[in-house]
Amino acid sequence: MSDIDDSPQPVEPALLKFLKVLVTILTVTMIAGVVTIVVLIVIRYRQTPPDFPTVLTLPPGTTPEAYTQTKSWYAIVTEDDRVLIYSRATNKLVREITLEQQ
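For strand E3 (residues 82–87), the buried fraction is high: 6 of the 6 residues fall into the buried class. Along E3, one buried face is formed by Arg 82, Leu 84 and Tyr 86 and the opposite face, lined by Val 83, Ile 85 and Ser 87, is buried too. Pairing between strand E2 (residues 73–78) and E3: 5 bridges, direction antiparallel. Paired with Val 77 across the bridge in E3 is Val 83. Taken together, E2 and the strand that follows it, E3, pair antiparallel across an intervening segment of 3 residues, in which Asp 81 is found at a positive phi of about 60°. A loop of 5 residues connects E3 with strand E4 (residues 93–98), the two strands running antiparallel in sequence, and Asn 91 in this loop sits at a positive phi of about 60°.

What follows is the structure in structure tokens.
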């Protein structure tokens, strides 16, 4: 016979209540975080993207390499290192910038 008692020691009720409160707070925080992320994703995908021009008229022999746009203009970077800036209102070329290689 052994004098060692293998039965677990009883846990204090105050500690159990504290742990229950901590687990509840963690659960509420995680649920709020997931809901916030879902709401942000839904809001982001509901925004309408800027309109892409249906027709782009480039100078002859020009090959586009990159495109960017704002509310009032869009720009096309060509393979021959030029930036062509077009007006959104008129779809006309308003400025051409030649980039220098260094």
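Phi is positive for Asp 81, which is not a glycine, with a value near 60°. You can see Asp 81 is positioned in the loop between E2 and E3. The partly exposed category is assigned to Asp 81, whose relative accessible area is 24%. You will see that Asn 91, though not glycine, has its phi angle at about 60°, which is positive. Note that Asn 91 resides in the loop between E3 and E4.

With that settled, the discussion passes to the pairing of E4. Counting buried residues in E4 gives 0 out of 6 residues, a small share hidden from the surface. Sheet topology places E3 next to E4; 5 bridges connect them, and they run antiparallel. Looking at the pairing, Arg 82 lines up with Thr 98 of E4.

Under the definition given, this model contains 2 salt bridges. Across the pair Asp 80 and Arg 82 runs a salt bridge whose closest N-O atoms are separated by 3.1 Å. We classify Asp 80 as partly exposed; its relative accessible area is 42%. Its salt-bridge partner being Arg 82, residue Glu 96 comes within 3.0 Å of it at the nearest N-O pair. Here Glu 96, found in strand E4, pairs with Arg 82, found in strand E3; they are 14 residues apart in sequence, far enough to count as distant. On the basis of relative accessibility, which here comes to 38%, the residue Glu 96 falls in the partly exposed class.

Spatially, 4 strands are ordered E1-E2-E3-E4 in an open sheet, and the strand pairing comes out antiparallel. If you trace the sheet from one side to the other, it starts and ends with strand E1 (64–69) and E4, each paired once. Across this sheet, the average inter-strand angle for adjacent strands is 20°, counted without regard to direction. With 5 bridges connecting them, E1 and E2 associate as antiparallel partners. When the sheet's bridge partners are listed, Thr 68 is paired in E2 with Ala 75.

How each quantity is defined
Residues numbered from 1 in each chain as written. Predicted model: local features only at pLDDT ≥ 70, side-chain atom pairs only at ≥ 80, totals over all residues. Heavy atoms only, no water. Buried < 20%, exposed > 50% of the residue type's maximum accessible area, 1.4 Å probe, protein only. Helix = DSSP H or I, 4+ residues; strand = E, 2+ residues; numbered from the N terminus. Pairing = 2+ DSSP bridges. Salt bridge = Lys/Arg side-chain N within 4 Å of Asp/Glu carboxyl O. Axes fitted to C-alpha atoms, helices over the stretch in contact; angles between N-to-C directions.

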